[in-house]
2 protein chains.
Amino acid sequence: MKIAIAGAGALGSRFGFVLQQAGNDVTLIDGWPAHVAAIKEHGLKVTLDKDTYTTQIPVMFPKEVTQNMAMDLIIVFTKSMQLDQMLQDIKPIIKDHTKILCLLNGIGHEDIIEKYVPKKNIFLGNTMWTASLVGPGHTQSFGSGSVSLQNLVAGNESDAEILAACLSEAGLNAQYTDNIHYSIYRKACVNGTMNGLCTLLEVNMTTFGKTTPAHQLVTTIVNEFAAVARHENIELDVAEIVSHVENCYDPNTIGHHYPSMYQDLIKNHRTTEIDYINGAISRKGQKYGVPTPYCDFLTALIHCKEDIIQDNEAVTN
Amino acid sequence: MKIAIAGAGALGSRFGFVLQQAGNDVTLIDGWPAHVAAIKEHGLKVTLDKDTYTTQIPVMFPKEVTQNMAMDLIIVFTKSMQLDQMLQDIKPIIKDHTKILCLLNGIGHEDIIEKYVPKKNIFLGNTMWTASLVGPGHTQSFGSGSVSLQNLVAGNESDAEILAACLSEAGLNAQYTDNIHYSIYRKACVNGTMNGLCTLLEVNMTTFGKTTPAHQLVTTIVNEFAAVARHENIELDVAEIVSHVENCYDPNTIGHHYPSMYQDLIKNHRTTEIDYINGAISRKGQKYGVPTPYCDFLTALIHCKEDIIQDNEAVTN
């Protein structure tokens, strides 16, 4: 299959590598000059557990794509706020038959993707694979993961199953699900609590979990997600999801990790994805007439912190 | 007049000093050993603008008071969370005629004071005087201020006017007001926004004011205060109060200051007064059936931060 990875960061590069190994014709598309340059010059380096591989793989900037590069599948792996611009830039490679698989965290990305392809070509997924960048051109990951995915509109189940099979052939352990919206909401509840709260308080998940108000805060926020999801005929099991979120506190598993939003803002002084997690719930809440004050306030507080950190950086530089 | 200052920190000491200078029989009561010891040994040092005065003034711990020390007036100047214990400890000096003037920031202190004296002896006030401690036994303050005060229940207006006159004779610029509850709410709106938000984000008021969400956040919180106050027949002028709060951002006046809650928690790792500001609004909201989600969330977040900082300190020590 002719596959483009749109947003070939840590996880995108890893997916691109294994899909190429499985015999697909893969192109990486990314906007970070040092990363693109490193892959062009030295090939893509991929560390999987203890082994490191180097492979030659086509790589380019979004605006470098051309009409004759028609893709069967584009897997989007950008940051949420870059998705729209990415699809705009790579329009030349999106044809009538091109399928888009969205594996981004967060809520409501289909609203953006719909502007570029018909709904029948949109597939939504969720992945438990993780990866991090060692540096430009070098991605690493440990342990195993999985992908679940589904067609956005009814009638394309077999296409979704074909996609899942293609990913599984590359070892990505993918499965068709008939309930992707539930899975996406469930995962968004983890991000919608741990990301914002740990970033605001600048702590890891174990430390947050030890605070007295933790349970009440998580429960209130998950209830807002559930109230919004109900208007989309998705009935979240709040107690199960709260307990799923609270598993993150375990210091023996992932509790000592700082969520990705912390990495983005506190470590790297980058804008966060809050508008596509809690901010998305606020927008949907407004649309459905459902109050979401905790999501509203948390979104605003993270924006305050972005302003403060970025302003501070501007002064320092 | 025989006056006790219950909670003789920076501002309490200053009030005690000028009231003594004006001819009153003043006793300072405080729980901080180093401060009490310093005043006993070297006298109370008071820096007012450029001049420093030293005076001998009676000082003792709350539990040292005795039955024969009947007070005409007790001015309470503790931290909010210490008020109840203080009144409990100094019960021996509270007689039938003893008046209590409460100048604490925050909301609802009369509920505690009522446990110790009849309502007719309670007077509520607001002060714009400020002071800070240079060290144990030494308070300093700059510029001028004022006090407004009122009897809690109707019929004691003349007593309130006598109290105001007594304070004014000591140069404290005090006035009787017929609207103290409004003034207390108005001041609590400043503390209920600047204290919690600047402490959570660890910034001064100018920096907070520059963030994009600042105006929306302040407006939402002040609206919650107003919704609660309405149930006590107090109609806050939200636009005026928001603009009053936003005056704090001015870098040429107080904008570069960090609010007292920041000093308490971030600098000195002490528990904050949040339960008596935003937390009081949450409790009243619950009582009146008024949703106050921003006050609830802000209170919880400050408690998270207290837990994190105090836990961290316990580990470090």
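Remember, predicted model here, so these are calculated numbers, not experimental data.

Peer 1: Explain the overall build of chain A to me, please; I cannot follow it from the model alone.
Peer 2: Across its full length, chain A carries 12 helices and 12 strands. Taken over the C-alpha trace, chain A has a radius of gyration of 19 Å; the compact-globule value for 317 residues is 20 Å, and the two agree within 12%. Counting only C-alpha atoms and orienting by the principal axes, one finds that chain A spans roughly 55 × 50 × 35 Å. Among the 317 residues that make up chain A, the fraction classed as buried is 57%. The long-range fraction of contacts in chain A, counting pairs at least 24 apart against all pairs at least 6 apart in sequence, stands at 71%. Carbon and sulfur atoms make up 49% of the accessible area of chain A, which amounts to about 13300 Å² in all. When the 23 positive and 34 negative side-chain charges of chain A are each reduced to one mean point, those points stand 3 Å apart.

Peer 1: I would appreciate a short explanation of the nonpolar core in the present structure.
Peer 2: Taken as a class, soluble globular proteins show a tendency for nonpolar side chains to be buried jointly. One finds A:F208 and B:F208 to be the most contacted residues of the largest nonpolar core, which totals 147 residues. When sequence neighbours within four positions are dropped, the list of residues in contact with A:F208 reads A:M194, A:L197, A:C198, A:L201, A:V203, A:A214, A:L217, A:V218, A:Y249 and B:C304.

Peer 1: What is the right way to look at the side chain of B:T211 in this model?
Peer 2: Along the chain, B:T211 falls in the loop between α7 (205–209) and α8 (214–230). Reaching out from B:T211, the side chain makes a polar contact with the backbone oxygen of B:F208 at a distance of 2.8 Å. Those residues within four positions of B:T211 in sequence are excluded, and the remaining contacts are A:C304, A:D307 and A:I308.

Peer 1: Help me out: how do you make sense of the packing of helix α8 (residues 214–230) of chain A against helix α9 (residues 238–246) of chain A in this one?
Peer 2: Helix packing for two helices is described by the angle between their axes and how far apart those axes are. All names here are of chain A. One way to put it is that α8 packs onto α9 with a least axis distance of 10 Å and a crossing angle of 130 degrees. Relative to α9, the element α8 is oriented oblique. The handedness of the crossing between α8 and α9 is right-handed. Of the residues in α9, those in contact with H215, V218, T219, V222, N223 and A226 of α8 are V238, I241, V242, V245 and E246. Of the residues in the contact of α8 with α9, the class split is 7 nonpolar, 3 polar and 1 charged.

Peer 1: Mind showing me how you'd approach the pairing of strand β11 (residues 147–151) of chain B here?
Peer 2: Walk down a regular strand and you will see the side chains alternate between the two sheet faces. Residue and element names in this part refer to chain B. Burial of β11 is extensive: 5 of the 5 residues sit out of reach of the surface. The two faces of β11 match: V147, L149 and N151 on one face and S148 and Q150 on the other face are all buried. Of the strand pairs in this sheet, strand β8 (residues 122–127) and β11 are connected by 5 bridges, and their pairing is antiparallel. Of the residues in β11, the one forming a bridge with G125 is L149. Two strands pair when backbone bridges link them, and β11 and strand β12 (residues 174–176) are joined in this way by 3 bridges, in the parallel orientation. The residue of β12 that forms the bridge with L149 is Y176. With helix α5 (residues 157–169) bridging β11 and the parallel β12, this β-α-β connection has right-handed handedness.

Peer 1: Got a minute to help me understand the UniProt feature "domain: Ketopantoate reductase N-terminal" (unreviewed entry) in chain A in this structure?
Peer 2: Following the UniProt record, one finds the feature "domain: Ketopantoate reductase N-terminal" (unreviewed entry) at residues 3–151 of chain A. In residues 3–151 of chain A, helix accounts for 23% and strand for 32%; the two terminal C-alpha atoms are 18 Å from one another.

Peer 1: So what exactly am I meant to see when it comes to the interface of chain B and chain A here?
Peer 2: By convention, interface size is frequently given as the accessible area that disappears when the constituent parts associate. Contacts between the two partners involve 25 residues from chain B and, on the opposite side, 25 residues from chain A. Of the roughly 2100 Å² buried at the junction of chain B and chain A (both faces included), carbon and sulfur atoms supply 82%. For the chain B face of the interface with chain A, the top three residues by lost area are B:L201, B:F297 and B:I308, together amounting to 30%. Taken together, chain B and chain A are joined by 0 salt bridges. Inspection of the region where chain B meets chain A yields 4 residue pairs in polar contact (both at pLDDT 80 or more). For the side of chain B that touches chain A, the secondary structure elements donating two or more residues are α6 (180–201), α7, α8 and α12 (293–316) of chain B. Here the side of chain B that touches chain A takes 13 residues from α12(B), the largest share from any one element. For the side of chain B that touches chain A, the per-class residue count stands at 16 nonpolar, 4 polar and 5 charged.

Peer 1: What am I meant to see in the UniProt feature "domain: Ketopantoate reductase C-terminal" (unreviewed entry) in chain A here?
Peer 2: The residues that UniProt annotates with the feature "domain: Ketopantoate reductase C-terminal" (unreviewed entry) are residues 179–305 of chain A. Within the segment residues 179–305 of chain A, helix and strand shares are 68% and 0% respectively, and the terminal C-alpha atoms sit 35 Å apart.

Peer 1: Looking at this model, I keep getting lost on the sheet that holds strand β5 (residues 59–60) of chain B. Mind explaining?
Peer 2: Neighbouring strands of a sheet are bound in pairs by backbone hydrogen bonds; such pairs are parallel or else antiparallel. Residues and elements named next belong to chain B. Reading across from one edge, β5-β2-β1-β6-β7-β8-β11-β12 is the order of the 8 strands in this open sheet, with mixed pairing throughout. With partners counted over all chains shown, the strands left at the sheet margins are β5 and β12, one partner each. Of the strand pairs in this sheet, strand β1 (residues 2–6) and strand β6 (residues 73–76) are connected by 4 bridges, and their pairing is parallel. Residue pairing across strands places A4 opposite I74, the latter belonging to β6.

So, how was this worked out
- Residues numbered from 1 in each chain as written.
- Chains lettered and ligands numbered in written order.
- Predicted model: local features only at pLDDT ≥ 70, side-chain atom pairs only at ≥ 80, totals over all residues.
- Heavy atoms only, no water.
- Helix = DSSP H or I, 4+ residues; strand = E, 2+ residues; numbered from the N terminus.
- Rg over C-alpha atoms; globule rule 2.2 N^0.38 Å.
- Buried < 20%, exposed > 50% of the residue type's maximum accessible area, 1.4 Å probe, protein only.
- Contact = heavy atoms within 4.5 Å.
- Areas by Shrake-Rupley, 256 points an atom, 1.4 Å probe, with all protein chains shown as cover.
- Lys, Arg positive; Asp, Glu negative; His and termini not counted.
- Charge placed at Lys NZ, Arg CZ, Asp CG, Glu CD.
- Core = buried A, V, L, I, M, F, W, Y, C linked by side-chain atoms within 4.5 Å.
- Polar contact = N/O pair within 3.5 Å; in protein donor to acceptor, adjacent residues only side chain to side chain.
- Axes fitted to C-alpha atoms, helices over the stretch in contact; angles between N-to-C directions.
- Parallel < 35°, antiparallel > 145°, perpendicular 65-115°, else oblique.
- Left-handed = near helix turned anticlockwise from the far one by under 90°.
- Nonpolar A, V, L, I, M, F, W, Y, C, P; charged D, E, K, R; others polar.
- Pairing = 2+ DSSP bridges.
- Right-handed = clockwise from strand over helix to strand, strands pointing away.
- UniProt positions renumbered as here; feature names shortened; annotations may be inferred.
- Buried area = accessible area lost by both parts, 1.4 Å probe.
- Salt bridge = Lys/Arg side-chain N within 4 Å of Asp/Glu carboxyl O.

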